[in-house]
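Spelled out, the chains give:
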Amino acid sequence: MEPPDTRDIMISCRHVASGYGSKPLMSDINLEIRRGEIVFILGGSGCGKSTLLRHMIGQVPQIGGTILIKGVDIAAARGAERDALRRVFGVMYQSGALFGNLSVLDNVLLPLEEFTDLPAPLRLETARLWLARVGLLPQASMMPADLSGGMKKRAAIARAMALDPEILFLDEPGAGLDPVTSARLDSLILSLSRDLGMTVVIISHELASIEAIADRAVYLDRSVNGVLDAGTPAWLRDESPHAAVRAFFNRRPD
Amino acid sequence: MPVPEAQSLRLPETLDRPAVTDWVARRPALLRAPFPKSLDCSALKRVDSAGLALLIFLRGRGVALDGLPDGVAASLRVCEEAAAGVGDAASAPRREGFVTALGRALCETFAAWGDALAYLGELLWWWGASLFRPRLFRWGDFCVAFYRGGVQALPVVGLIGFLLGLILAFQSAMPLRMFGAEGFVGGLVGIALVRELGLIITAILVTGRTGSAFAAELGTMKVNEEIDALETMGLRPVRFLVVPRVAAGTFALPVLALFATLCGLLGGWFVMAILGFTLSYFVDQLTAFVGIGDLIGSFAKSFVFGFAVSAVGCRCGLTAGRDAGAVGTATTSAVVLGIVLTAVLEGLFAVVFFAMGW
């Protein structure tokens, strides 16, 4: 038997009912994500993965249950507490969501200018450091419209990382990218997580990415109103008691 | 609080964002030349990106980092390797000389005029072609655009026209009364509205209402890559999107202008009635001062105005950029260009009609 995991719990969902309005997509989601883990959240299209992400980042309140980020209920947090909580995580949206009227460098500088008292030369150096880290320093003065899809996502990661979050949420990082670019993005995510001890939550069903970098995957299914199974990718592929999960990982129809 | 120089250059154990902010704030001269020779990093245990940025910044300016712990040195190496080979030149745009800038501006202006001319030609070509082959014309789009830009505009155009006539009559009646000439108010309002004002106010309203809507609609389609999709399918955006909209604008504006003029005359009569004149007197005034030629000339002009305003709107939408601000820019330039074009055309027509002795 494995020794119990003693790392801090960063995200904890307890009996979460997820959805918009009053109609829950799933009514009982339970999961825990610990510091330094790379966790993939999987599930069929339309099962509410992105909705769960929006609950976790406090953008849309869940219908029921509690979501704790570092022990704080994000839906109940107000004012300064909520602002502090938002500083704990960075989010990369599916399309990058870079601000079109700002250059790549200014996009990364924006959170530093708004939320820190660092002197200007150090803000610039920090932004350049993140752009270098994601490999976009040569494109620093370009506008987002002139970037390729993969570059936009890397720039969005640099912006999300600018304030050194402890958790990074990524919505479909590999969607619309070729396998090589997607693999590069994976290794960037892996190195950020390993070097900085950062927790990474990824919404995606790119099998290649899951097998390459996931510590754990959580499979959501509406038939059980929540988590059907969770574990390491290898375990889910070969030993999961659920046929649907094995089928997903082996790329087989049921 | 200033710190004695000897201990000031020993970095604290944790160098995260708050620590950096605090540490640098207490040493305001640190980030400016002359830089210190060395920094004692032996106590350093934990850094975040702001801490690394400070180290990179200082090392890049010749400061030696003494006793850097291995972990921090490794993080620093990763960042510096990532940045290696990329100079500042890459991120700083190259400045161009005056002559180059002037030449580029001229070329771009000529190219823009050329493009506009080509657009006009293509628009007229496809419109003409669809006269001979009605199958080419998108009747559905035309009807929707005519309904939105014409029928739905009737209330606002009528209201503004009525108020225009009312104000014109009332404001001229007061001074004319001093000369006992208030009976001529009907003629004054009639000439002003029929020849110029009814049309101009309608053209401006249609620019703001319909031209901008065309620009926003086509601009959004451009941002969503719908225009690209049309071109890839081998469909010309000008035939498919622009011709029906411009046709709708061209036929809607004369109707609206006529309606605005009628409402304006109604407003004028309203004031005349208050001043005690009868309807038959007002109509006599109108027929005495306003000839059928005025009406025909104005009606002919209104087609040209409708064409110009909607063609400019569509053009601004088609040439929109691809970012979030593009649609806003396209809409603004559609309205501004539309109004400027209305004024220029009005001037041109005045000269032409004068030369023709109209």
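Keep in mind the model is a prediction, meaning the values are calculated, not measured.

Draft legend 1. Fine view of the overall build of chain A. The helix and strand inventory of chain A stands at nine helices and 10 strands. Going through the 254 residues of chain A one by one, you find that 44% of them count as buried. Contacts in chain A between residues at least 24 apart in sequence constitute 64% of all its contacts with a sequence separation of at least 6.

Draft legend 2. Representation of the overall build of chain B within the structure. Within chain B, the secondary structure is distributed over 14 helices and four strands. In chain B, which comprises 358 residues, the share counted as buried stands at 34%. Across chain B, every contact between residues at least 6 apart in sequence was considered, and the portion connecting residues at least 24 apart equals 87%.

Draft legend 3. Region of interest: the sheet that holds strand 8 (residues 199–203) of chain A. Residue and element names in this part refer to chain A. Overall, mixed pairing links the six strands, which are arranged 6-7-8-3-9-10 in an open sheet. Bordering the open sheet on either side are strand 6 (89–92) and strand 10 (226–231), each of which pairs with just one other strand. Strand after strand, the sheet turns through a mean of 20° between neighbouring axes, direction not considered. Relative to strand 8, strand 7 (residues 167–171) runs parallel, the two sharing five bridges.

Draft legend 4. Broad picture of the pairing of strand 9 (residues 216–221) of chain A. Residues and elements named next belong to chain A. Across four bridges, strand 3 (residues 38–42) lies against strand 9 in parallel orientation. The partner of I41 across the bridge, within strand 9, is V218. Both strand 9 and strand 10 contribute to a ladder of five bridges, which runs antiparallel. Across the sheet, the residue bridging to D221 is G226, located in strand 10. Between the end of strand 9 and the start of strand 10, which pair antiparallel, lie four residues, with N225 showing a positive phi angle near 60°.

Draft legend 5. Highlighting the sheet that holds strand 5 (residues 72–73) of chain A. Residue and element names in this part refer to chain A. One open sheet accounts for four strands, arranged 2-1-4-5; its pairing is antiparallel. Of all the strands in the sheet, the pair left with one neighbour each is strand 2 (26–34) and strand 5. As paired elements, strand 1 (residues 9–18) and strand 2 share six bridges and run antiparallel to each other. Bridged to S18 within strand 2 is M26. Across the sheet, helix 1 (residues 49–56) lies against strand 1, strand 2 and strand 4 (64–69), angled at about 120° from strand 1, the strand it touches most.

Draft legend 6. Fine view of the nonpolar core. Core analysis: the largest hydrophobic core is formed by 91 residues, its most contacted members being L131, A158 and Y219 of chain A. Ranked by the residues each element gives to this core, the list is headed by helix 3 (residues 49–59) of chain B, at eight residues. Aside from chain neighbours lying at most four places away, what touches Y219 of chain A is L42, G43, V227, L228, D229, A230, L236, V245 and F248 of chain A. Grouped together as the second largest cluster of nonpolar side chains are 62 residues, L164, V290, A311 and A334 of chain B included.

Draft legend 7. Representation of unusual backbone geometry in the model. All names here are of chain A. Within the chain, H15 stands out as a residue other than glycine whose phi angle is a positive 50°. When you line up the elements, H15 lands in strand 1. Phi at K70 takes a positive value of approximately 50°, unusual for a residue other than glycine. Note that K70 resides in the loop between strand 4 and strand 5.

Draft legend 8. Quick look at the interface of chain B and chain A. Counting residues at the interface gives 26 residues for chain B, matched by 23 residues for chain A. Those elements that provide at least two residues to the side of chain B that touches chain A are helix 2 (17–25), helix 3, helix 4 (70–83) and helix 5 (88–91) of chain B. Considering every element that reaches the side of chain B that touches chain A, the biggest residue donor is helix 3 of chain B, with seven residues. In the side of chain B that touches chain A, the residues fall into 17 nonpolar, five polar and four charged.

Draft legend 9. Layout of the packing of helix 13 (residues 292–318) of chain B against helix 14 (residues 326–355) of chain B. Residues and elements named next belong to chain B. One way to put it is that helix 13 packs onto helix 14 with a least axis distance of 9 Å and a crossing angle of 155°. Taken together, the axes of helix 13 and helix 14 lie roughly antiparallel to each other. Helix 14 is crossed by helix 13, and the crossing has right-handed handedness. Each of G297, K301, V304, F305, A308, V309, V312, G313, C316 and G317 in helix 13 lies in contact with helix 14, whose residues at this interface are A330, S333, A334, L337, G338, L341, T342, L345, F349 and F353. A class-by-class count of the residues in the contact of helix 13 with helix 14 yields 13 nonpolar, six polar and one charged.

Draft legend 10. Fine view of the confidence of the model for chain B. With 95% of its residues at a pLDDT of 70 or more, chain B shows a mean pLDDT of 88. At the level of chain-chain contacts, confidence expressed as ipTM amounts to 0.74, with global pTM at 0.66.

Draft legend 11. Representation of the pairing of strand 4 of chain A. All names here are of chain A. Sheet topology places strand 1 next to strand 4; five bridges connect them, and they run antiparallel. Across the sheet, residue S12 finds its bridge partner in strand 4, namely L68. For strand 4 and strand 5, the ladder comprises two bridges, and the chain directions are antiparallel. The partner of I69 across the bridge, within strand 5, is V72.

Draft legend 12. Representation of helix 6 (residues 179–196) of chain A within the structure. Residue and element names in this part refer to chain A. With 18 residues, helix 6 extends 25 Å between its outermost C-alpha atoms, agreeing within 8% with the 26 Å of an ideal straight helix rising 1.5 Å per residue. For helix 6, every residue scored as buried is listed here: S182, L185, D186 and I189. Projected down its long axis, helix 6 carries its buried residues within an arc of 105°, all on one side. Of the exposed residues in helix 6, the ones pointing more than 90 degrees away from its buried face are V180, S187 and R194. Of the surrounding elements, those touching the buried residues of helix 6 are helix 5 (149–161), strand 8 and helix 7 (207–213). Looking one or two residues past helix 6, G197 carries a phi angle of roughly 65°, positive in sign.

Here is what the cut-offs are and how they apply
Residues numbered from 1 in each chain as written. Chains lettered and ligands numbered in written order. Predicted model: local features only at pLDDT ≥ 70, side-chain atom pairs only at ≥ 80, totals over all residues. Helix = DSSP H or I, 4+ residues; strand = E, 2+ residues; numbered from the N terminus. Buried ≥ 20, exposed ≤ 12 C-beta atoms within 10 Å, placed from the backbone. Contact = placed C-beta atoms within 7 Å. Pairing = 2+ DSSP bridges. Axes fitted to C-alpha atoms, helices over the stretch in contact; angles between N-to-C directions. Core = buried A, V, L, I, M, F, W, Y, C linked by C-beta atoms within 7 Å. Nonpolar A, V, L, I, M, F, W, Y, C, P; charged D, E, K, R; others polar. Parallel < 35°, antiparallel > 145°, perpendicular 65-115°, else oblique. Left-handed = near helix turned anticlockwise from the far one by under 90°. pLDDT = per-residue confidence, 0-100. Expected span 1.5 Å × (residues − 1). Arc of directions from axis to C-beta.

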